[in-house]
Amino acid sequence: MDPIKALKYRYTRYCVNRAYVNIDTSNKPADFVNFLEDVIDELRDLEREFGEDLSKAESLFRTELMSKYNEVEERDKEIAKQLFLGILRNCLDIEEIAESKLGPVIKELIKSIEAE
């Protein structure tokens, strides 16, 4: 399977949902939980935007995904790190993505989040 197909078929189910299920929001206020669910929905919607080449996907990871990270980080830095590192690492678990030109981009984004 080529990396774009792998991303389109697995991004929401494997990358986003798998990371989100591991986030504990039980002690968070309802407005934050609602905000986080809205962000998750927006992240899931990115799956439709990946296009036909990796350049578009790379751009979405660098801009849209990181923009959402910054939004969540403003409200809760720890949840933001946990969620977005989970999403990115889950994507790297997908062999077709890790071995494509998107792999180094994802690794770079992981390093930038870990450095904060």
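Up top is the structure.
Here the structure is a predicted model, which is why all the values come from computation and not from measurement.

Trainee: Provide a residue-level description of helix α6 (residues 102-114), including the pertinent values.
Mentor: With 13 residues, α6 should cover 18 Å at 1.5 Å per step; its first-to-last C-alpha distance of 18 Å lies within 8% of that length. Taken together, the buried positions of α6 are occupied by Leu102, Gly103, Val105, Ile106, Leu109, Ile110 and Ile113. Down the axis of α6, the buried side of the element spans an arc of 165°, and every buried residue falls inside it. Within α6, the exposed residues directed more than 90 degrees away from the buried face are Pro104 and Lys111.

Trainee: Please give an account of the nonpolar core that cites residues and values.
Mentor: If you look at the biggest cluster of nonpolar residues, it comprises 42 residues, and the most contacted ones within it are Tyr11, Leu43, Phe61, Phe84 and Ile87. If you list the elements that add at least two residues to this core, you get α1 (3-20), α2 (30-45), α3 (54-75), α4 (77-93) and α6. A total of nine residues in this core trace back to one element, the largest contributor, which is α4. Discounting chain neighbours no more than four positions away, the residues touching Phe61 are Leu7, Tyr11, Phe50, Met66, Leu88, Cys91, Leu102, Ile106 and Leu109.

What counts and how
Residues numbered from 1 in each chain as written. Predicted model: local features only at pLDDT ≥ 70, side-chain atom pairs only at ≥ 80, totals over all residues. Heavy atoms only, no water. Helix = DSSP H or I, 4+ residues; strand = E, 2+ residues; numbered from the N terminus. Expected span 1.5 Å × (residues − 1). Buried < 20%, exposed > 50% of the residue type's maximum accessible area, 1.4 Å probe, protein only. Arc of directions from axis to C-beta. Core = buried A, V, L, I, M, F, W, Y, C linked by side-chain atoms within 4.5 Å. Contact = heavy atoms within 4.5 Å.

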